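# Structural overview for review
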Amino acid sequence: MEMLKKDIQYIKGVGPKKLSLLKKLKIFNVEDMIYHFPRDYENRSFSKKIIELKPGEKVTIYGVIVGQRQSLKVRKGLNINRYLVKDDSGFISITFFNQPYVKNKLKANDSIMLNGKIKMGLQGLEMVNPVFEVVNQGENPTLDTIVPIYSSTDGFTQNQMISIKKNILQMVNDDVVEYMPEIIIEKNKLCGLNFALKRIHFPTSLQEVKIARYRLVFDELLLLQLVLVRIKKKVISSKNSIPLKNNEGLVQFINHLPFQLTGAQKTVLQEIIKDLEDVTPMNRLVQGDVGSGKTIVAIIALYKAVINSCQGALMAPTEILAEQHYTSLKQLLEPMGVRIGLLIGSLTKTKKLELLEKIKEGQIDIIIGTHALIQESVEFQRLALVVTDEQHRFGVRQRAILAEKGENPHILVMTATPIPRTLALILYGDLDISIIDELPPGRKEIKTHGLTQEEKERAYEFAKKELNSGRQIYVVCPLVEESEVIEAKAATDIAEELASTFFQDYTVGLLHGKMKTKEKEEIMKKFTKNEINVLVSTTVIEVGVNVPNATMMIIENAERFGLAQLHQLRGRVGRGHSQSYCILLHNNKSKIAKDRIKIMESTNDGFVISEKDLEIRGPGEFLGLRQHGLPDFKIANLLKHMKVLKRVQSQVEEILQEDPLLSLDKYPSLKTKLEEKFKGFEGI
Ligand code: ADP
Ligand code: MG
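Note that the coordinates shown come from a computational prediction; the quantities given were computed from them, not determined experimentally.

## Regarding the overall build of the protein
In terms of helices and strands, the protein carries 25 helices and 20 strands. Per element, the accessible surface of the protein, about 32200 Å² overall, is 51% carbon and sulfur.

Structure representation (structure tokens):
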């Protein structure tokens, strides 16, 4: 409908100033405004007589303005308007601070409804800065019902927001086109779309809020699930994968590893091997905490592909990690005659062409790279298995691209970020899940402490002790989201400062995202060989880096990191047999930051941390929808709405039975909505 696409600037109540505020909230048109839902509601349906009021309570009263008592400009920046209001039981004083405009809105003898907190003032009870509505004669006041509360309305009063919403809903006038097929509406007992959109903002009862919310949550989850299943359908075409039945030499290889696999590694490996031997493409997610030994499992799977005269690919989220994998794979597999290649952005053109040629000709067995590996025009000779490490950095989108390359490899994804099963269904469609729930023997808990920035000297003094006993240290500098350049500069400054103060007797190295690959490689090599004692780094070391002699990590401005990220970072230490430490330096201000640090101090268990993270951040952000190129949830909350999600999933199942490719030809309006909502999203 045209109306929905109407620019927000033409709406009554939106001036140029408000317009720019709305843009910040990503509200550009009428539809965006309608889909900017209340965060909560206030039930103002309980009104009281003035005589019944008590200090401290928040109530609604009806009354008549007796007159204005005061209109003062006390000093610059403080303006007071005071009124006297009466009902048939008594009088109360109403005070507005810094709301000069009320003067033009309220006059004697107006009937008024007020909602606010009662305070004991100098002259008896008063109500301060209430929300109010002048009630014209014969008109029903709306303020006495359930009132929406909007979040992130900086620069707007709730009243202004409410009035804009009202204008919009009046304009739209129940004309939003219903895209949901009748049969789905009936089956799931949904209310109509217009009803939902109107009543989610202005319900007449809490029951209506429930009904409206159910509909909107259902829609949001259904559309997301449909889009994901559609991508999955593209990914998993009916084509078969190559069954990798040959196991010659695999057991010997495993027996000659420098360590024994843990029970959990063995179990997971068996699950993978079984999948690989089948023609049905493997789609398996391996979850395992930081340091649980996922890499070796992947290496064994890749080796199995090679034994079967096929190629394998291993993708990592960063070049540093790709290089590190390259080193460990070479170490373990080159002696077995496996040819390994590293494809990263920094290769010279000639080198790259040469490598691509070899991959195409089948002269390389295992190719390692960043996600550039799938974006570039790599042609394989006989690709049978693709492993992606630290899947949370890879999206559904990337997997779709891979499948579209015409190869139909088995897919193994590895992640240290565990997610509950239902959520996995949302994000990964039908991936099978294996869990490595055991750490290799001999690991000690990493002792974690939060210290304020003022106490940082203590951290560095302690670090010296570790250094003196031959250990190595990471110092992690905060992520600067806006600019890699600023981030690099900050890291450089910290490195220089530390090198000339606390750590002047040691070699301090620097690592950040702005450095050339060669330089990074050089630094990592030196750190691995203990030629660098202290590595000052940005979050580029977040995933995968493995230097067991590093036993201490100091994280600067830890309050800027999320839980999952802190856990990943911390996982860089505690990789050997020695006691390891993690110090979180912070400006202990916000409650969330404090909570995070407490959680980090109290547990090393990635699954526990992940659950807490989910609680704190909410699933939208947790799942990184935006990272996957998907819009954030506007109303659904996967924690709260698990039941709706299950309904949605069974509804999708039902559609699939009739329409296995989810063409949605039977439901054209739903299809249009889906395509409009996810416009530009790969694979639709
Ligand atoms: P992650 O699961 O975080 O990717 P890695 O695969 O990097 O963990 O393994 C962490 C470290 O543990 C590596 O040094 C690896 O060699 C070692 N490791 C893996 N499995 C075992 C095992 N079964 N016994 C001892 N050490 C192991
Ligand atoms: Mg890893």
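Moving on from the model shown.
## Description of the pairing of strand 20 (residues 581-586)
Among the 6 residues that make up strand 20, 6 are buried, leaving the element largely enclosed by the rest of the structure. Both faces of strand 20 are covered, namely the face carrying Tyr581, Ile583 and Leu585 and the face carrying Cys582, Leu584 and His586. Direction of pairing for strand 19 (residues 550-555) relative to strand 20: parallel, over a ladder of 4 bridges. Bridge pairing in strand 20 links isoleucine 554 to isoleucine 583. In this view, the connection linking strand 19 to its parallel neighbour strand 20 by way of helix 20 (residues 563-570) has right-handed handedness.

## Considering the packing of aromatic side chains
Under the counting rule described, the total for this entry stands at 10 aromatic pairs. Measuring from centroid to centroid gives 5.6 Å for phenylalanine 96 and phenylalanine 132, while their planes differ by 80 degrees, and the two rings are edge-to-face. Here phenylalanine 132 lies in strand 6 (residues 124-134) and phenylalanine 96 lies in strand 4 (residues 90-97), a separation of 36 residues in the sequence. On the accessibility criterion, phenylalanine 96 (0% relative accessible area) is buried. Connected via pairs of aromatic rings, a cluster forms that spans Tyr460, Phe502, Phe503 and Tyr506. Note that lysine 166 overlies the ring of phenylalanine 202, its terminal NZ or CZ placed 5.4 Å from the centroid. In this structure, arginine 215 packs its charged tip against the face of tyrosine 179, placed 5.9 Å from the ring centre.

## Focus on the site of ligand 1
Looking at ligand 1, there are 16 residues lining it, with Gln260, Gly291, Thr295, Arg443 and Asn546 nearest. Separating a nitrogen atom of ligand 1 from a side-chain N or O atom of glutamine 265 is a distance of 2.9 Å. One of the side-chain nitrogen or oxygen atoms of arginine 443 is found 2.8 Å away from an oxygen atom of ligand 1. Across the complex, the protein chains shield 84% of the 570 Å² of accessible surface that ligand 1 would expose by itself. The residue makeup of the shell around ligand 1, split by class, is 4 nonpolar, 8 polar and 4 charged.

## Structural notes on a positive patch on the surface
A contiguous patch of positive charge, built from Lys351, Lys518, Lys525 and Lys529, is present on the exposed surface. The residue lysine 351 is located in helix 13 (residues 349-361) in this model. Judged by relative accessible area, which is 52%, lysine 351 ranks as exposed.

## Focus: the sheet that holds strand 3 (residues 78-87)
Ordered by their spatial adjacency, 5 strands build a closed barrel running 2-3-4-6-5, and the pairing between neighbours is mixed. Averaged over all neighbouring strand pairs, the angle between strand axes comes to 45 degrees, with direction disregarded.

## Side note on the nonpolar core
Within the largest apolar cluster, 64 residues are counted, with the highest numbers of intra-cluster contacts made by Ile8, Ile34, Ile168, Met180, Leu221, Leu226 and Leu670. A domain-level breakdown of this core finds at least three residues from each of domain 1 (1-38 + 161-176) and domain 3 (177-237 + 631-684). When near neighbours in sequence (up to four residues on either side) are disregarded, isoleucine 8 contacts Val14, Leu19, Leu22, Ile27, Phe28, Asn29, Val30, Met33 and Ile168. Among the nonpolar cores identified, the runner-up in size contains 44 residues, and Ile273, Ile299, Ala316 and Ile366 belong to it.

## Quick word on the pattern of salt bridges
Tallied over the full model, the rule gives 22 salt bridges. A salt bridge links aspartate 88 to lysine 49, with the nearest nitrogen and oxygen atoms 3.3 Å apart. With a gap of 39 residues between them, aspartate 88 in the loop between strand 3 and strand 4 and lysine 49 in the loop between strand 1 (40-43) and strand 2 (58-75) connect regions that are remote in the sequence. A residue is classified by how much of its surface remains accessible, and aspartate 88, at 67% relative accessible area, is exposed. In this structure, aspartate 365 and arginine 339 form a salt bridge, with 2.9 Å as the shortest nitrogen-oxygen distance. Residue aspartate 365 is found in the loop between helix 13 and strand 11 (366-369), and its partner arginine 339 is found in the loop between helix 12 (319-333) and strand 10 (340-343); the two are separated by 26 residues along the sequence. Exposure remark for arginine 339: the relative accessible area of 40% places this residue in the partly exposed category. Look at the salt bridges and you will find they share partners, linking Lys5, Glu31, Lys673 and Glu676 into a network.

## Concerning the pairing of strand 9 (residues 311-315)
In terms of burial, strand 9 is largely enclosed, as 5 of its 5 residues are buried. Both faces of strand 9 are covered, namely the face carrying Gln311, Ala313 and Met315 and the face carrying Gly312 and Leu314. As judged from the 5 bridges shared by strand 9 and strand 12 (residues 383-389), these two strands associate in the parallel manner. Bridging from a neighbouring strand, glutamine 311 pairs with leucine 383 of strand 12. Looking at chain direction, strand 9 and strand 11 are connected through 4 bridges and run parallel. Bridge assignment links alanine 313 to a residue of strand 11, and that residue is isoleucine 367.

## Notes on the sheet that holds strand 20
Ordered in space as 15-20-19-16-18-17, the 6 strands form an open sheet in which the pairing is parallel. Taken across any chain shown, the strands that pair with only one partner, and hence form the sheet edges, are strand 15 (447-452) and strand 17 (508-511). Strand-to-strand twist across the sheet, computed as the mean angle between neighbouring axes with direction ignored, equals 20 degrees. One ladder, built from 4 bridges, connects strand 16 (residues 472-476) with strand 18 (residues 534-537); its direction is parallel.

## Some points on a negative patch on the surface
The grouping of Glu445, Asp605, Glu611 and Glu615 at the surface amounts to a negative patch. Of note, aspartate 605 is situated in the loop between helix 21 (591-602) and helix 22 (606-617).

## Focus: helix 20
Most of helix 20 sits inside the fold, with 7 of its 8 residues counted as buried. Of the residues making up helix 20, those classed as buried are Leu563, Gln565, Leu566, His567, Gln568, Leu569 and Arg570.

## Here's the deal with helix 25 (residues 668-677)
Taken residue by residue, helix 25 has Leu670, Lys673 and Leu674 as its buried positions. Buried residues in helix 25, looked at end-on, bunch into an arc of 100 degrees, giving them a common side. Those residues of helix 25 that are exposed and aimed more than 90 degrees away from the buried face are Pro668 and Thr672.

## Section: the packing of helix 12 against helix 19 (residues 517-528)
Two numbers describe how helix 12 lies on helix 19: the axes approach to 10 Å, and their chain directions differ by 55 degrees. As far as their axial angle goes, helix 19 and helix 12 are oblique. Where helix 12 crosses over helix 19, the handedness of that crossing is right-handed. Contacts from Glu319, Ile320 and Glu323 of helix 12 reach helix 19 at Thr517, Lys520, Glu521 and Met524. Across the contact of helix 12 with helix 19, the residue classes tally to 2 nonpolar, 1 polar and 4 charged.

## Focus on the environment of glutamate 182
Relative to the assigned elements, glutamate 182 resides in helix 6 (residues 182-187). Residue classification places glutamate 182 among the exposed residues on the basis of a relative accessible area of 55%. Separated by 485 residues in sequence, glutamate 182 and tyrosine 667 place their C-alpha atoms 9.7 Å apart.

Reading guide: rules and limits
The written sequence of each chain sets the order in which its residues are numbered from 1. Going through the entries in the order they are written, you letter the chains from A and number the ligands from 1. The model is predicted, so local features are restricted to residues of pLDDT at least 70 and side-chain atom pairs to those at 80 or more, both for listing and for counting; the totals for chains, interfaces and linings are taken over all residues. Only hydrogens and water are set aside; all other atoms, that is, all heavy atoms of the structure, feed into the side-chain values. For the purposes of this entry, the term helix denotes a DSSP run of H or I that reaches at least four residues, the term strand denotes a run of E that reaches at least two, and both are numbered from the N terminus. Computed with the Shrake-Rupley method and a 1.4 Å probe, the accessible areas treat only the protein chains shown as cover for residues. With a 1.4 Å probe rolled over the protein chains alone, any residue whose accessible area is under 20% of its type maximum counts as buried; one over 50% counts as exposed, and the rest are partly exposed. For two strands to be treated as a pair, DSSP must find no fewer than two bridges joining them. Here a crossover is taken to be right-handed if, once the strands point away from the viewer, the path from the first strand over the helix to the second is traced clockwise. Only Phe, Tyr and Trp rings are paired, with Trp represented by its six-membered ring, and only when their centres lie within 6.5 Å; those with planes under 30 degrees apart are stacked, over 60 edge-to-face, the remainder tilted. Look at NZ for Lys and CZ for Arg. If either is within 6 Å of the ring centre and within 35 degrees of the ring normal, a charge sits over the ring. We call a residue near a molecule or strand when any one of its heavy atoms sits within 4 Å of it. In the analysis that follows, any N or O atom pair within 3.5 Å is treated as a polar contact, provided that within protein one partner can donate a hydrogen and the other can accept it, and provided that, for residues neighboring in sequence, both atoms belong to side chains. Each residue receives one of three labels: charged for Asp, Glu, Lys and Arg, nonpolar for Ala, Val, Leu, Ile, Met, Phe, Trp, Tyr, Cys and Pro, and polar for the others, Gly being one of them. To count toward a patch, a residue needs a relative accessible area over 30% and no salt bridge; like charges are then connected within 9 Å, while nonpolar side chains (Val, Leu, Ile, Met, Phe, Trp, Tyr) are connected within 5 Å. A pairing counts as a salt bridge when a side-chain nitrogen of Lys or Arg comes within 4 Å of a carboxyl oxygen of Asp or Glu. Only four residue types enter the charge count, namely Lys and Arg as positive and Asp and Glu as negative; His and the chain termini do not. A charged residue contributes its charge at one atom only: NZ of Lys, CZ of Arg, CG of Asp or CD of Glu. For every element, the axis is a line fit to its C-alpha atoms; helices are fit only across the contacting stretch, and the angle between N-to-C directions ranges from 0 to 180 degrees. Think of a nonpolar core as a cluster: buried Ala, Val, Leu, Ile, Met, Phe, Trp, Tyr and Cys residues, connected wherever their side-chain atoms sit within 4.5 Å. An automatic or database domain assignment is the source of the domain bounds shown. Residues count as neighbours in contact if any of their non-hydrogen atoms are within 4.5 Å of one another. Note: the arc covers the axis-to-C-beta directions of the helix. Should an angle lie under 35 degrees it is considered roughly parallel, over 145 roughly antiparallel, and from 65 to 115 roughly perpendicular; all remaining angles are considered oblique. A clockwise turn of the near helix away from the far one marks a right-handed crossing, whereas an anticlockwise turn of less than a right angle marks a left-handed crossing.

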